[in-house]
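# Survey of secondary and tertiary structure
Here is how the chains run, residue by residue.
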Amino acid sequence: MELMIGDKIKKLRRSKDLTQEELATHLGISYQAISKWERNDGYPDITMLPALANYFEISVDELIGMNEIYSSKKLDEINQKWLENRALGKHKENVELMRSALKTYPNNGLLLIQLTSSLEKLDGTEKEKQEFLKESIIIHEQILRYCDDSELRGAALCNISDAYYRYGNYEKALEYAKKLPNLYKTRETALVRILKDDTEKKIVALSAIEPLAWLLSYHLSALSEIENDTRYKEKISKILDILFEGNENDYIAKIRKQTTN
C-alpha cells in the first residue's frame, strides 16, 4: 500500500505558506527530513504522526491519506474489471460498470474515456450505433472541457476526431484531428532529449519503439493502399525485422499480420 503522506505534508505546508525550514523548526526536526518526506523518499517515524496531525489540525488518517488510498484501490479494482470485460467482449457490462463508477467519480477522465470506448463497441441497429457515437462525442467534449491530464486530453482529441468521422461529420473530424500534436512533439521525444539519467532515458527510448513500429506500419499501409503498391508493405516487414530481430511479442506479431494480409 502506497501512503500519500509526503504529498499531503507538502500540500498542508503550502496551505499555511510555510517553508520546509519553518515547518521543521516548529516540529523540532531537520528540514532535510521534511524534504525527504515530500519527495516520497521515506515516511515520518510513526511517533511523529500525532505531532504532525496535531500541528495541521487534522486526524492521523487524513494525514496518511486513507481516503485517497481507498479511492485509488477502488479505482484500480474498477479498471481491472473493465479490462477483463473488454478482453471477453463484454462491452454492455462495461458500459454499466462505467456508468455506476462515474456516480462516485463523476469527473474521472480515465473512466470517461473507458465509457466512450465501450459505448462505441456496442452492438445494435445502425440508428442505435449512431446514438452511441453521439453520446461518446458528448462525453469527449466533457473531457476536453474539464480534464487537465495531457495524456487523457490527447486520447480524447484523437477519439473524438474518429467518432465525428464515423458519425458523418467530416469537418468536425478534421477540426479535432488538426488540434493533435505532430509526430515530432511527443512525450518520449522530449524526455529522451532532457533526461540526464541514462537508465531512465533508455527505458523511455525503448518504450517508444513499439508505438513507432505501429505508426510506421499504419502510414506505410495507407500509402500502399493509396498508390496500390505492395512495396510499402514489404518495407513494413523489413522494418519489424530490423527493430525486433525476431523477438516479437504478441502486439508486434499482430501488427505484422495486419499489414501483410
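Heads up: these notes are all about the structure in this document. (Residues numbered from 1 in each chain as written. Predicted model: local features only at pLDDT ≥ 70, side-chain atom pairs only at ≥ 80, totals over all residues. Heavy atoms only, no water.)

## A word on helix 1 (residues 5-15)
Residues of helix 1 that are buried include every one of Ile5, Gly6, Lys8, Ile9, Leu12 and Arg13, and no others. Along the axis of helix 1, the buried positions cluster into a sector of 160°, meaning they face one direction only. Facing away from the buried side of helix 1 by more than 90 degrees, the exposed set consists of Lys11, Arg14 and Ser15. Positive backbone phi, at 55°, marks Asp17, one or two positions downstream of helix 1. (Buried < 20%, exposed > 50% of the residue type's maximum accessible area, 1.4 Å probe, protein only. Helix = DSSP H or I, 4+ residues; strand = E, 2+ residues; numbered from the N terminus. Arc of directions from axis to C-beta.)

## Section: the layout of surface pockets
Estimates place the volume of the largest pocket at around 1,900 Å³. If you trace the largest pocket, you find 32 residues lining it, with Cys158, Leu180, Leu183, Trp214 and Leu215 closest to the centre. Looking at the lining of the largest pocket, its residues break down into 17 nonpolar, 8 polar and 7 charged. Along the walls of the second largest pocket sit Cys158, Ser161, Asp162, Tyr165, Tyr170, Ala173, Leu174, Ala177 and Leu180, which together make up its complete lining. Elements with a minimum of two residues in the lining of the second largest pocket: helix 10 (150-167) and helix 11 (170-177). A breakdown of the residues in the lining of the second largest pocket according to their chemical character gives 7 nonpolar, 1 polar and 1 charged. (1 Å grid on protein atoms, 1.4 Å probe; cavity = no way out; pocket = protein on both sides within 12 Å on 5 of 7 lines; lining within 4 Å. Points joined across faces, edges and corners; volume = space filled by probe spheres on them. Nonpolar A, V, L, I, M, F, W, Y, C, P; charged D, E, K, R; others polar.)

## Observations concerning the nonpolar core
One finds Leu111, Leu115, Leu119 and Ile143 to be the most contacted residues of the largest nonpolar core, which totals 29 residues. Elements with a minimum of two residues in this core: helix 6 (66-87), helix 7 (91-104), helix 8 (109-119), helix 9 (126-146), helix 10 and helix 11. Leave out the neighbours within four places in its chain, and Ile143 touches Gly109, Leu112, Ile113, Leu152, Arg153 and Ala156. If you look at the next biggest cluster of nonpolar residues, it comprises 16 residues, including Leu12, Leu23, Met48 and Leu63. (Core = buried A, V, L, I, M, F, W, Y, C linked by side-chain atoms within 4.5 Å. Contact = heavy atoms within 4.5 Å.)

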